[in-house]
Amino acid sequence: LEKKLAPPTMDLNFNDVALSQVLTTIAQTTDLNIIGGEALSKNISLHLKDVPVDQVFDTILKSSGYTYVKEGKVLRIISKQEMPLATEVFELQFISAEQIKEAISSLVSKQGSFKTFSKFSEGKYANCLIVTDTPESLQVIREIVKKLDKKLKQVMIEAKFCEVTLNKDDEV
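In short, a report on the structure. (Residues numbered from 1 in each chain as written. Predicted model: local features only at pLDDT ≥ 70, side-chain atom pairs only at ≥ 80, totals over all residues. Heavy atoms only, no water.)

With that settled, consider the overall build of the protein chain. Helix and strand content of the protein chain: four helices and eight strands. Listing every helix and strand of the protein chain by position from the N terminus yields β-α-β-β-α-β-β-β-α-β-β-α. Among the 172 residues that make up the protein chain, the fraction classed as buried is 28%. Long-range contacts, defined as pairs at least 24 residues apart, comprise 59% of the intrachain contacts of the protein chain with a sequence gap of at least 6. Surface accessibility of the protein chain: about 13400 Å² in total, with carbon and sulfur atoms responsible for 52%. (Helix = DSSP H or I, 4+ residues; strand = E, 2+ residues; numbered from the N terminus. Buried < 20%, exposed > 50% of the residue type's maximum accessible area, 1.4 Å probe, protein only. Contact = heavy atoms within 4.5 Å. Areas by Shrake-Rupley, 256 points an atom, 1.4 Å probe, with all protein chains shown as cover.)

Because each turn of an α-helix spans 3.6 residues, side chains separated by three or four positions end up pointing in the same direction. All of the buried residues in helix α2 (residues 53-63) are V53, V56, F57, I60 and L61. Burial along α2 is one-sided: seen end-on, the buried residues are contained in an arc of 115°. Set apart from the buried face of α2 by more than 90 degrees, the exposed residues are D54 and S63. Positioned one or two residues after α2, G65 has a phi angle of 85°, which is positive. (Arc of directions from axis to C-beta.)

It is worth spelling out the layout of surface pockets at this point. Its boundaries defined by the atoms lining it, the largest pocket holds a volume of some 210 Å³. Taken together, T67, K80, Q81, M83, S109, K110, Q111, T134, E136 and S137 form the lining of the largest pocket. For the lining of the largest pocket, the per-class residue count stands at one nonpolar, six polar and three charged. What the second largest pocket holds in volume is close to 160 Å³. (1 Å grid on protein atoms, 1.4 Å probe; cavity = no way out; pocket = protein on both sides within 12 Å on 5 of 7 lines; lining within 4 Å. Points joined across faces, edges and corners; volume = space filled by probe spheres on them. Nonpolar A, V, L, I, M, F, W, Y, C, P; charged D, E, K, R; others polar.)

For the rest of this paragraph, the subject is the packing of aromatic side chains. Using the criterion set out here, one finds one aromatic pair in the structure. Geometrically, the ring pair formed by F57 and Y68 is tilted, given 5.2 Å between the ring centres and 55° between the ring planes. With F57 in helix α2 and Y68 in strand β4 (residues 66-71), this pair connects stretches of sequence that are eleven residues apart. You can call F57 buried: its relative accessible area is 4%. (Phe/Tyr/Trp six-rings, centres within 6.5 Å; stacked < 30°, edge-to-face > 60°.)

A word on a positive patch on the surface. Taken together, the side chains of K146, K147, K150 and K153 define a basic patch exposed on the protein surface. Take K150: it is sitting in the segment after α4 (135-148). K150 gets classed as exposed once you look at its relative accessible area, which sits at 51%. (Patch = residues over 30% accessible without salt bridge, like charges linked within 9 Å, V, L, I, M, F, W, Y side chains within 5 Å. Salt bridge = Lys/Arg side-chain N within 4 Å of Asp/Glu carboxyl O. Lys, Arg positive; Asp, Glu negative; His and termini not counted. Charge placed at Lys NZ, Arg CZ, Asp CG, Glu CD.)

Mapping N127 onto the fold places it in strand β8 (residues 124-133). Looking at N127, its side chain comes within polar contact range of the main-chain oxygen of I95, at 2.6 Å. With sequence-adjacent residues up to four places away left out, N127 is seen in contact with F90, E91, L92, I95, S96, A97, F117 and S118. (Polar contact = N/O pair within 3.5 Å; in protein donor to acceptor, adjacent residues only side chain to side chain.)

Let's shift gears to the side chain of D149. Its location among the elements puts D149 in the segment after α4. Notably, D149 is buried but unbridged: the nearest opposite-charge side chain belongs to K150, and the N-O separation is 10 Å. In terms of polar contacts, D149 uses its side chain to reach the backbone amide nitrogen of Q93, at 2.9 Å. In this structure the side chain of D149 is engaged in a polar contact, spanning 2.7 Å, whose partner is the backbone nitrogen of F94. Other than its neighbours up to four places away in sequence, D149 contacts E91, L92, Q93, F94 and I95.

Let's shift gears to the pattern of salt bridges. Considering all chains together, one arrives at four salt bridges under this definition. In this structure, R76 engages E71 in a salt bridge whose closest nitrogen and oxygen atoms are separated by 2.9 Å.

Right under this line is the structure:
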């Protein structure tokens, strides 16, 4: 059996320190290449002990309203409003786009949008959900669509009828 190495962990303890200073410490400790702008002057406090580096990074950014975009070997810190949008078309097989609309409407971010498309043409039925959103939101929506767009389980009920006619001469 192959042993998996545990991800590197770190301890951090900061009280009311600029986010840029915390990210600089993480970059120096982990050899990550991080680029951030002036907006990273927001102050944060944190106490983390024995937490995996990727979780430290994600948690700090999310709690401060930021995310990152990987550009080669560099992680560029951006606000969630700056996150690039992507579009994905979900071709639905077993659920109508109108039915799934209600389930995903609360999952679409403020920057995102979605449309449903259903059309019957030339003997074929097109049933699609078109979502434009951040990659993070698209991942959540993709998982929900996958869970909801399934063939319903059916139960087969079989019955047999027998007809019996009794005459006066027949005994039961």
